[in-house]
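# Structural description and commentary
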Amino acid sequence: MYTRCFQILLFVLCCASCQNEQIVTENTSYNIIPQPLSLTARAGHFQIDANTTIIAKAESQAVASYLAEIIKPEGQLTLPIKNTGDSTNAIILELNPDFEAEESYQLTVFPDYISLIAKQPVGLFYGVQTLRQLLQEDARIPAVAIEDAPRFAYRGMHLDVARHFFDVATVKRFIDQLAYHKLNRFHWHLTEDQGWRIEIKQYPKLAEIAAFRKQTLIGKKGEGEAKYDGKRYGGFYTQEEIKEVVAYAAERFITVIPEIELPGHAQAAIAAYPELGCTGEQLEVWQTWGVSENVYCPTEATFEFLENVLSEVIALFPSEYIHIGGDECPKKAWEESAFCQNLIRKEGLKDEHGLQSYFIRRIEGFLNSKGRQIIGWDEILEGGLAPNATVMSWRGMKGGIEAAKAKHNVIMTPTSHCYFDYYQSENPNKPLAIGGFLPLEKVYSLEPVPEELTAEEAQYILGAQANIWTEYITTPEHLEYMTFPRLSALAEVVWSPKKGRDFENFVSRLLPHIERLEGMGIHVAKHFYDLTASIQPNYDGNLEATISALAPDAAIHYTLDGSQPSPSSPRYDTSIIISNSGTLQAQAFQDGEAVGQGYSTPIHMHDAVAKRLDLATPPSSKYTGGGRNSLINAILGSNESFNDGNWVGFEGKDMEAILDLGTKRALKTVSLRFFKGEAQWIYLPQSIEILSSEDGDTFESITTIAEIETEQKVAAIQLPIERSTRYLKIKAKNHGIIANGR
């Protein structure tokens, strides 16, 4: 069998001669995330002081106590709580069963009192979170009228504690931030190949053996020879600690959903109890990252083990849902197991995918008998979906669409928008991550309900969730850096109405929101101060550079002489005109301190800058770079990456470009650059030909190069031409189609 792969060649050319229903207000005090359904600004403010009271009846006392703990006037421990009393200088919590939405609330701040009304205590709790965000440093709360309710019922955040373990205090702090952002589900990933994190009393070896690995991989997997730290690593939560976390979350109206991975990601458990695997071989808890081929063998002994484990899990977690994983289950062990092959024949299953479905159905039947429902990653669709399963769609939206059309509930969590273990910046000094790139604006652009669904099918989309996997996240500080402010963006996606969501408006509210987070001691990534730039010809023979950052308050300063920008360097305003070679450097500043990743690029001025360039064949839609102007904008393509925005690629077609210099010019050299990345099917051209013309119609060949070779990623070619001409044609012959045997 042969695979036909169109090849891509890339080049850079340079010529050288010698809102919602929200009333807009200028008052910056209303910076609430997630954005409320309706906000009406009012005049004045409410002042919290030593005489302020909280009035709440018995059914609202728990929320009142929470409010008293977090809103304290200076010099006073807590605000007093009363069942009844004068409304003057009071915060009044009240339940109204006539409200339609379970989690809705109505918050009205008057100069002399505050009214917070909700259908259920959970609505009061969310109103309290809004109050926290409105509270100013001088204990004032601006007058306002807010009506609010969430768009989605499921608003979740996931944390993997199996690859790296986080103690109870860190988990509670994490939960506090979910509550602050009005999320209501905490997905706790407790078991993996690399560690088992929950005490199961019937199986003590899970805590003694499965919870600890001998050592941990150092650095990025796959980059050079694998090295390990030689240090025993692990930990687990006792059942009392689990109860403590579950209760803590419940006080904040967050449901904890435990995940017990099966049938894959099971090597830690098999290391403790080898009979759970297909070979009976004694294994170690896995010390590296990825997907182990050691999976549960679907024997009756395995199902007994899992049912006993899940029985103890059910006793600890009141959640309706138990997450059973179901993802990334290699089939090799089952293919090689005589028992599994006999079971496939006995049960009339089609193949190993059918066996996985059989496995999931067995577990679902058990959990359903205990009054619980399962959630699984979208691989549980393979081989047939269990009858009552909810699908968590992570490999894009396709699995969620398929499940919703089959009338199964869906939680959207695609890697493209929801994997917070991905890099959030292209800053070369960023902390190590698993890979990928997920900036803040991409998170905010998530739309959980795909257009492919009908209105009826869309009802099966329960909401969305972000995930953090911790292969490369080892400390609470790093965990927070990866989470914030992307969590703030997700919170608005799942709470606020689709209509009216606006990223620019979100960013304007995000800056003061981040100040509040930092006031709580949260380690927030500030990549919204990272600079990006666009440099284009202005057809006056010069270049025009525009520089931007997401943060609207970024004070950008720049230099053109290669020196490091400082607050005393020229201040960037609208654009920068560049007429000479040099180095453009820019940096954002906040209160005189450099923030975010700066921008720097060498400028190589040449005769082709700002001239007309026409391409006979459009570049590949996958590799358009910055368009045809990027080929003559005096910016060289990266020596390391072909997707830096400056390379243009041609897939399966020859490249032909005609450069019009405007007037006849005496030229000496044509300089060309081509990217070589054969691992990505990016090849150098077979040949290059340079032609010239006086009229743009009839061209004469000047020089040809038949073979191009380089050991580097970039081939820099200089061709002497010694010609006076107006038009140049550059032809690069594509490498052709390669047939690879498989």
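## Observations concerning the side chain of Gln-177
Tracing the sequence through the fold places Gln-177 in helix 3 (residues 168–180). Apart from residues no more than four positions distant in its own chain, Gln-177 is found in contact with Phe-484, Leu-487, Leu-517, Met-520 and Ile-522.

## Overview of the pattern of salt bridges
Applying the stated criterion across every chain, the model contains 28 salt bridges. The partner of Glu-251 in a salt bridge is Arg-252, and the shortest N-O contact between them spans 3.4 Å. Judged by relative accessible area, which is 53%, Glu-251 ranks as exposed. By relative accessible area, which is 10% here, Arg-252 ends up buried. A salt bridge links Lys-405 to Glu-457, with the nearest nitrogen and oxygen atoms 3.3 Å apart. With Lys-405 in helix 11 (residues 398–405) and Glu-457 in helix 14 (residues 455–458), the pair connects residues that are 52 residues apart, well separated along the chain.

## Re the pairing of strand 38 (residues 714–733)
Of the pairings in the sheet, the one linking strand 35 (residues 655–675) to strand 38 comprises 16 bridges and is antiparallel in character. The residue of strand 38 that forms the bridge with Leu-672 is Ile-717. Note: strand 36 (residues 687–693) against strand 38, seven bridges, orientation antiparallel. Counted as the bridge partner of Ser-693 is Tyr-727 from strand 38.

## Side note on the packing of helix 3 against helix 5 (residues 239–251)
One way to put it is that helix 3 packs onto helix 5 with a least axis distance of 10 Å and a crossing angle of 15 degrees. The angle between helix 3 and helix 5 falls in the class roughly parallel. Between helix 3 and helix 5 the crossing geometry is right-handed. Each of Val-168, Val-171, Lys-172, Ile-175 and Asp-176 in helix 3 lies in contact with helix 5, whose residues at this interface are Glu-241, Glu-244, Val-245, Tyr-248 and Ala-249. Taken together, the residues of the contact of helix 3 with helix 5 break down into six nonpolar, no polar and four charged.

## Some words on the side chain of Gln-129
Among the structural elements, Gln-129 can be located in helix 2 (residues 121–134). Accessibility expressed as a relative area gives 0% for Gln-129, which makes it buried. Side chain to side chain, Gln-129 and Arg-132 meet in a polar contact 2.9 Å long. When sequence neighbours within four positions are dropped, the list of residues in contact with Gln-129 reads Tyr-66, Ala-179, Tyr-180 and Lys-182.

## Points about the packing of aromatic side chains
For the structure on display, the rule yields 27 aromatic pairs. Considering the side-chain rings of Tyr-203 and Phe-305, the 4.7 Å spacing of their centres and the 65 degrees angle between planes classify their relative orientation as edge-to-face. Pair noted here: Tyr-203 is in the loop between strand 14 (195–196) and helix 4 (205–210) and Phe-305 is in helix 7 (residues 300–316), with a separation of 102 residues, a long-range link. Just as Tyr-203 is buried, Phe-305 falls in that class too. Here the aromatic residues Phe-165, Phe-174, Phe-186, Trp-188, Tyr-237 and Phe-317 are joined through ring pairs into a cluster of three or more.

## Topic: the confidence of the model for the chain
Confidence in the prediction of the chain, expressed as mean pLDDT, is 91, and 94% of residues score 70 or more. Note that pLDDT drops below 50 for residues 1–8; the model gives that stretch 36 contacts with residues more than four away or on any other chain. Counting contacts from residues 737–742, a segment whose pLDDT is below 50, to residues more than four positions away or on other chains yields 17 contacts.

## So, the packing of helix 16 (residues 486–495) against helix 17 (residues 503–519)
Where helix 16 meets helix 17, the closest approach of the two axes is 11 Å, and the angle between their N-to-C directions is 125 degrees. By the angle between their directions, the pair helix 16 and helix 17 is classed as oblique. The element helix 16 and its partner helix 17 pack so that their crossing is right-handed. Residues Ser-488, Ala-489 and Glu-492 of helix 16 form the contact with helix 17, whose own contacting residues are Phe-506, Arg-509, Leu-510, His-513 and Leu-517. Per-class residue counts for the contact of helix 16 with helix 17 are four nonpolar, two polar and two charged.

## Observations regarding the sheet that holds strand 27 (residues 532–537)
Strand order in the open sheet made by the three strands is 27-28-30, with antiparallel pairing throughout. Only two strands of the sheet have a single neighbouring strand rather than two, namely strand 27 and strand 30 (576–578). In this sheet, adjacent strand axes meet at a mean angle of 25 degrees when their direction is disregarded. When strand 27 meets strand 28 (residues 543–548), the two strands line up antiparallel, connected through six bridges. Counterpart to Ser-534 in the pairing with strand 28 is Thr-546.

About the criteria used
Residues numbered from 1 in each chain as written. Predicted model: local features only at pLDDT ≥ 70, side-chain atom pairs only at ≥ 80, totals over all residues. Heavy atoms only, no water. Helix = DSSP H or I, 4+ residues; strand = E, 2+ residues; numbered from the N terminus. Contact = heavy atoms within 4.5 Å. Salt bridge = Lys/Arg side-chain N within 4 Å of Asp/Glu carboxyl O. Buried < 20%, exposed > 50% of the residue type's maximum accessible area, 1.4 Å probe, protein only. Pairing = 2+ DSSP bridges. Axes fitted to C-alpha atoms, helices over the stretch in contact; angles between N-to-C directions. Parallel < 35°, antiparallel > 145°, perpendicular 65-115°, else oblique. Left-handed = near helix turned anticlockwise from the far one by under 90°. Nonpolar A, V, L, I, M, F, W, Y, C, P; charged D, E, K, R; others polar. Polar contact = N/O pair within 3.5 Å; in protein donor to acceptor, adjacent residues only side chain to side chain. Phe/Tyr/Trp six-rings, centres within 6.5 Å; stacked < 30°, edge-to-face > 60°. pLDDT = per-residue confidence, 0-100.

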